[in-house]
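# Architecture and fold: a report
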Amino acid sequence: MVSTVSVSDASTGANVHGATGCVTIDLSALGRNYDRLAATVAPARVAAVVKANAYGLGIERVAKILSRKGCRHFFVAHLSEAMDLRPMLPRDAQVFVLNGLQPGRETACTEGGIIPVLNSMEQWRRWSATARSLNHTLPAVLQFDTGMSRLGFPPDERPALAEALRTDGHVEILFIMSHLACADEPDSDQNGEQLAEMRRIAVEFGGFDTSFANSGGVFLGDGYRGALARPGIALYGGAPTTGAPNPMEPVVSLDVSVVQVRTVPAGTKVGYGGIHVAKRQARLATIAAGYADGLPRSLSDRGAVYYEGVRLPIVGRVSMDSITVDVSALPEGTLTLGSFVEVLGPNQTLEDLARDAATISYEILTSLGPRFQRRYR
Ligand SMILES: *Cc1c(COP(=O)(O)O)cnc(C)c1O
């Protein structure tokens with residue numbers, strides 16, 4: 001269960017369940033990120049991508065704040081996520097399932113009031129047949145593959161789809177969409193290629209609103225925005241554009257407690273495999289989170305945590321449940337059992353940690369494990 005405690009508890013590191021790590025989620029920063037994206041794309045609207053439990057932040061709290069901010073379009077990946085989300089939202093909000101309409105799930109979809117993103121003719125036919133059997137129209141979104149080869153109508157199905165749209169009135173298309181493969185890289189030629197393809201599709205299937213931009217796409221320029229932007233990571237404070245200053249406010253911080261402190265002489269090996277050897281006498285602290293909590297093993301002997309602005313390098317391999325850091329830069333006795341160090345926060349952004357772990361902010365966020373307490377402010 002996710003619990004909520006006050007900000008003062010967060011600042012002292014005390015917590016109600018004795019959890020040894022705490023993810024703090026700043027819901028007002030999340031709200032401001034939504035406002036900023038809305039202002040950037042206006043008069044287009046901003047949907048929220050809340051798949052994977054709102055990128056690990058907790059879909060219930062996130063959806064509540066965003067719907068209070070006026071968000072009425074929510075995207076998830078799976079029908080099961082949509083079913084969980086639907087009752088949390090106002091009636092006039094819409095929930096879309098990006099991964100499409102799975103065989104046998106049509107009734108669950110209609111009864112749950114969920115809107116499928118149709119990705120192929122096969123999915124179209126089943127949705128249309130469901131509408132016919134119910135004797136009314138059913139809403140859907142059409143997704144087109146514009147060059148990512150992942151989801152959406154492939155180019156060779158477009159003639160059949162155009163024909164179906166002319167002759168079959170059972171499916172009501174709310175808008176058409178596609179997804180960018182390289183939106184975080186403004187210099188990639190693929191962005192312009194996908195935009196050109198999206199424009200061809202918008203002409204071929206005239207009269208529908210379009211949805212194209214994810215977080216990165218919002219910052220690629222007006223041409224990419226369509227009528228409905230679909231940011232995920234930018235809402236949660238991740239950088240939309242690789243290598244550029246991040247216009248979003250950080251939302252997530254992570255603090256982990258110290259479970260043991262020791263001083264070791266020069267030549268001492270640290271951790272599994274003994275891959276790290278202390279060059280001189282060192283003070284080490286072991287903190288209570290490891291790869292089972294989503295701190296990747298690729299951080300072994302790389303990267304750092306912080307304490308009051310002081311960098312504490314990770315030494316040796318990341319274990320399942322713990323990481324050892326060199327705290328020699330702090331005056332002796334500064335860290336004791338129960339002290340909390342910063343893994344994500346003012347001194348270390350998501351992107352910093354992701355870079356050291358040779359991954360991306362998305363993977364860091366969605367991996368933060370259930371053993372961390374979640375606190376909302
Ligand atoms: C995940 C996803 C998004 C959100 O992407 P971000 O890069 O997090 O903004 C938007 N559209 C689709 C189709 C997605 O799968």
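Refer to the preceding data block for the structure.
Cut-offs and rules
Sequence order as written defines residue numbering, which begins from 1 separately in each chain. For a predicted model such as this one, the threshold for reporting local features is a pLDDT of at least 70, and the threshold for listing and counting side-chain atom pairs is 80 or more; totals across whole chains, interfaces and linings nevertheless cover every residue. The basis for every side-chain value is the complete set of heavy atoms in the structure, and neither hydrogens nor water enter the calculation. To qualify as a helix, a DSSP run of H or I must reach at least 4 residues; to qualify as a strand, a run of E must reach at least 2; elements of each kind are numbered from the N terminus. Here's how the labels work: a residue is buried when its accessible area is under 20% of the maximum for its type, exposed when over 50%, partly exposed in between, all with a 1.4 Å probe on protein chains only. The contact rule is simple, with two residues in contact once any of their heavy atoms fall within 4.5 Å. Distances are taken per atom, and a residue is near a molecule or strand as soon as one of its heavy atoms is within 4 Å of it. Under the rule applied, a polar contact is a pair of N or O atoms within 3.5 Å (in protein, one hydrogen donor and one hydrogen acceptor; residues adjacent in sequence only if both atoms are side-chain atoms). Using the Shrake-Rupley algorithm and a 1.4 Å probe, accessible areas are obtained, with residue cover drawn only from the displayed protein chains. Each residue is assigned to one of three groups, with Ala, Val, Leu, Ile, Met, Phe, Trp, Tyr, Cys and Pro labelled nonpolar, Asp, Glu, Lys and Arg labelled charged, and all others, Gly among them, labelled polar. Expected span of a helix, by definition, is 1.5 Å for each gap between consecutive residues, and there is one gap fewer than residues. In this description, one arc is meant: the one made by directions from the helix axis to the C-beta atoms. Note on pairing: two strands pair once DSSP finds at least 2 bridges between them. Whenever a helix is involved, its axis is fitted only over the stretch in contact; in every case the axis is a line through C-alpha atoms, and angles between N-to-C directions fall within 0 to 180 degrees. Two cysteine sulfur atoms form a disulfide, by the criterion used here, when they sit within 2.5 Å. Residues belong to one nonpolar core when they are buried, are Ala, Val, Leu, Ile, Met, Phe, Trp, Tyr or Cys, and are joined through side-chain atoms within 4.5 Å. Patch building starts from residues that exceed 30% relative accessible area and form no salt bridge, then joins like charges within 9 Å and nonpolar side chains (Val, Leu, Ile, Met, Phe, Trp, Tyr) within 5 Å. Salt bridge criterion: a side-chain nitrogen from Lys or Arg within 4 Å of a carboxyl oxygen from Asp or Glu. Note that His is not counted, nor are the chain ends; the positive residues are Lys and Arg, and the negative ones are Asp and Glu. A charge is said to be at NZ when it belongs to Lys, at CZ for Arg, at CG for Asp and at CD for Glu. Between 65 and 115 degrees an angle is taken as roughly perpendicular, under 35 as roughly parallel, over 145 as roughly antiparallel, and anywhere else as oblique. Helix crossings get a hand from a simple test, with the near helix turned counterclockwise from the far one by less than a right angle marking a left-handed crossing and a clockwise turn marking a right-handed one.

Before going further, it helps to spend a moment on the overall build of the chain. Counting its secondary structure elements, the chain contains 12 helices and 19 strands. Oriented by its inertia axes, the alpha-carbon framework of the chain measures out at about 80 × 45 × 40 Å. Counting all 377 residues of the chain, 54% fall into the buried class. In the chain, once contacts between residues fewer than 6 apart in sequence are set aside, the share between residues at least 24 apart is 65%.

A few words now on the site of the ligand. The local shell around the ligand holds 14 residues, among which K51, Y55, S215, G232 and Y362 are the closest. Side-chain polar atom of R150 to an oxygen atom of the ligand: 3.1 Å apart, as the coordinates give it. Measuring from an oxygen atom of the ligand, one finds a side-chain N or O atom of Y362 at 2.6 Å. Protein coverage of the free-state accessible area of the ligand, which is 390 Å², stands at 94%. Among the residues forming the shell around the ligand, the class breakdown is 7 nonpolar, 4 polar and 3 charged.

With that out of the way, let us pick up helix α9 (residues 189–204). Taking 1.5 Å per residue, 16 residues should reach 22 Å; α9 reaches 23 Å between its end C-alpha atoms and fits that length. Buried within α9 we find N191, Q194, L195, E197, M198 and I201. Taken around the axis of α9, the buried residues stretch over an arc of 165°, which confines them to a single face. Exposed positions of α9 whose direction lies more than 90 degrees from the buried face are D189, E193 and V203. Tucked inside the fold, the buried residues of α9 contact α8 (158–167), β8 (171–177) and β9 (210–211). Its side-chain oxygen placed 3.1 Å from the backbone nitrogen of Q190, S188 serves as the N-cap of α9.

Here we take up the sheet that holds β8. As summarised here, the arrangement of the 7 strands in space is β3-β4-β5-β6-β7-β8-β9, forming an open sheet in which the pairing is parallel. Looking at the sheet topology across the chains shown, the edges are occupied by β3 (48–49) and β9. Sheet topology places strand β6 (residues 115–118) next to strand β7 (residues 138–143); 2 bridges connect them, and they run parallel. Paired with V117 across the two strands is V141, which belongs to β7. On the sheet, helix α7 (residues 121–134) packs against β6, β7 and β8 and is oriented at approximately 170° with respect to β7.

It is worth spelling out the side chain of T359 at this point. Counting through the fold element by element, T359 comes out in the loop between α11 (350–356) and α12 (361–367). Not counting residues up to four positions away in its chain, the partners in contact with T359 are A354 and I364.

This part takes up the pairing of strand β15 (residues 304–307). Burial along β15 is two-sided: A304 and Y306 facing one way and V305 and Y307 facing the other are all buried. What sits between the antiparallel neighbours β15 and strand β16 (residues 310–315) is a turn of 2 residues, in which E308 has the positive phi angle 45°.

Right, let's talk about unusual backbone geometry for a bit. Leave glycine aside and you will find that most residues have negative phi; peptide bonds, for their part, are mostly trans. Omega for the peptide link from A42 to P43 comes to 5°, which places this bond in the cis form. As for its position among the elements, P43 is in the loop between α2 (27–41) and β2 (45–46). Residue A54 is not a glycine yet carries a positive backbone phi of 55°. By the element assignment, A54 lies in helix α3 (residues 51–55).

Moving on, we come to the state of the cysteines. All chains considered together, the criterion is met by 0 disulfides. Here C71 is not cross-linked by a disulfide; its sulfur's nearest cysteine counterpart is in C109, at 19 Å.

Moving on: the nonpolar core. Counting residues in hydrophobic clusters, the biggest one holds 111 residues, and the most contacted among them are V50, F74, W124 and Y236. Per-element accounting of this core gives the leading share, 6 residues, to α2. Setting aside residues up to four positions removed in sequence, V50 forms contacts with I59, V62, F74, F75, V76, L85 and Y236. One finds V264, A278, A282 and L284 within the second-largest nonpolar core, a separate group that totals 6 residues.

The next thing to look at is a negative patch on the surface. Together, E185, D187, D189 and E193 line one region of the surface with negative charge. Position of D189 among the secondary structure elements: in helix α9.

What follows is about the packing of α2 against helix α4 (residues 59–68). At a minimum axis distance of 10 Å, the contact between α2 and α4 shows a crossing angle of 45°. Here α2 lies oblique to α4, going by the angle between them. The element α2 and its partner α4 pack so that their crossing is right-handed. For the pair formed by α2 and α4, the contact residues are L27, L30, G31 and Y34 on the first element and R61, V62, I65 and L66 on the second. Its residues placed into classes, the contact of α2 with α4 shows 6 nonpolar, 1 polar and 1 charged.

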